[in-house]
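# Fold and contact review
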Amino acid sequence: GTWDVARNDGSIQQIEALRPGAPMLGLCFGFDEKGQNDYMVGVAYPQDVEGLESYTYPEAKWLIYRAEGALSENVLGNGWDYVNNTLLPENGLKKASLPTMEIYVVWDNENNKCEIEIQIPYEKQ
């Protein structure tokens, strides 16, 4: 997927060099009728960088869900399931028409652990 392409074409290394040690981001621009989506790998950075695409969010209200645990326990997938099927509907919220964001605070394959944030721009239903 997107992460493999970005690793192999040097994009990840270029992005990491902008802010060493900063969490990597995944921005999801929504899904089409076939379940495919536009996805951007990045890092928060205060200005545009030549040779890289950028995205600036407009003003929005954000739901932030944080989880940690073993990668083998599908923390990210389970987090999305909880956000989409429990947290949003039980609070009368829906995703705004802006990209959602995954923040990979810790993603450690070697030690089977992760800490993630799922950030969703929302609006009331």
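Before reading further, recall that the structure is shown in the block above.
Bear in mind the structure is a predicted one, so any value in this text is a computation, not a measurement.

## Digging into the pairing of strand β6 (residues 113-124)
For strand β3 (residues 61-69) and β6, the ladder comprises nine bridges, and the chain directions are antiparallel. Across the sheet, residue Trp-62 finds its bridge partner in β6, namely Pro-121. Examined bridge by bridge, strand β4 (residues 93-95) and β6 share three bridges and lie antiparallel to one another. Opposite Leu-93, over in β6, you have Lys-124 as the bridge partner. In this sheet, β6 lies alongside strand β5 (residues 100-108) in antiparallel orientation, the contact comprising seven bridges. Looking at β6, one finds that Trp-107 is bridged to Cys-114. Between β5 and β6, which pair antiparallel and follow one another directly, the connecting turn spans four residues, one of which, Asn-112, has a positive phi of 55°.

## Some thoughts on the packing of aromatic side chains
Counted under the stated rule, the structure contains six aromatic pairs. Grouping aromatic residues by their ring pairs yields a cluster made of Phe-29, Tyr-55, Tyr-57 and Trp-62.

## Digging into the nonpolar core
Counting 23 residues, the largest nonpolar core has Leu-63, Tyr-65, Val-83, Ile-116 and Ile-118 as its most contacted members. Elements with a minimum of two residues in this core: α2 (11-18), β3, α3 (75-90) and β6. Within the second largest apolar cluster, five residues are counted, among which are Leu-25, Met-40, Met-101 and Ile-103.

## Structural notes on the layout of surface pockets
In this structure, the largest pocket encloses a volume near 640 Å³. Considering the residues around the largest pocket, the lining is formed by 28 residues, among which Met-40, Val-41, Gly-42, Glu-53 and Ser-54 are closest to the centre. Contributing elements (two or more residues each) for the lining of the largest pocket: α1 (2-8), α2, β1 (24-31) and β2 (37-42). Looking at the lining of the largest pocket element by element, the count peaks at four residues for β2.

## Some points on α3
If you look at α3, its biggest bend is around 40°, right at Val-83. Considered for burial, the residues of α3 that qualify are Val-75, Leu-76, Gly-79, Trp-80, Val-83, Leu-87 and Leu-88. In the core, the buried residues of α3 are packed alongside β3, β4, β5 and β6. One or two residues past the end of α3 sits Gly-92, with phi positive at roughly 65°.

## Concerning the environment of Ala-60
Structurally, Ala-60 is set in the loop between β2 and β3. Taking the C-alpha atoms as reference points, Ala-60 and Pro-99, 39 residues apart in sequence, are found 11 Å from one another. Among all residues touching Ala-60, those that are not within four sequence positions of it are Leu-98 and Pro-121.

What counts, and at which threshold
- Residues numbered from 1 in each chain as written.
- Predicted model: local features only at pLDDT ≥ 70, side-chain atom pairs only at ≥ 80, totals over all residues.
- Heavy atoms only, no water.
- Pairing = 2+ DSSP bridges.
- Helix = DSSP H or I, 4+ residues; strand = E, 2+ residues; numbered from the N terminus.
- Phe/Tyr/Trp six-rings, centres within 6.5 Å; stacked < 30°, edge-to-face > 60°.
- Core = buried A, V, L, I, M, F, W, Y, C linked by side-chain atoms within 4.5 Å.
- Buried < 20%, exposed > 50% of the residue type's maximum accessible area, 1.4 Å probe, protein only.
- 1 Å grid on protein atoms, 1.4 Å probe; cavity = no way out; pocket = protein on both sides within 12 Å on 5 of 7 lines; lining within 4 Å.
- Points joined across faces, edges and corners; volume = space filled by probe spheres on them.
- Bend = angle between axes of the 7 residues up to and from the residue.
- Contact = heavy atoms within 4.5 Å.

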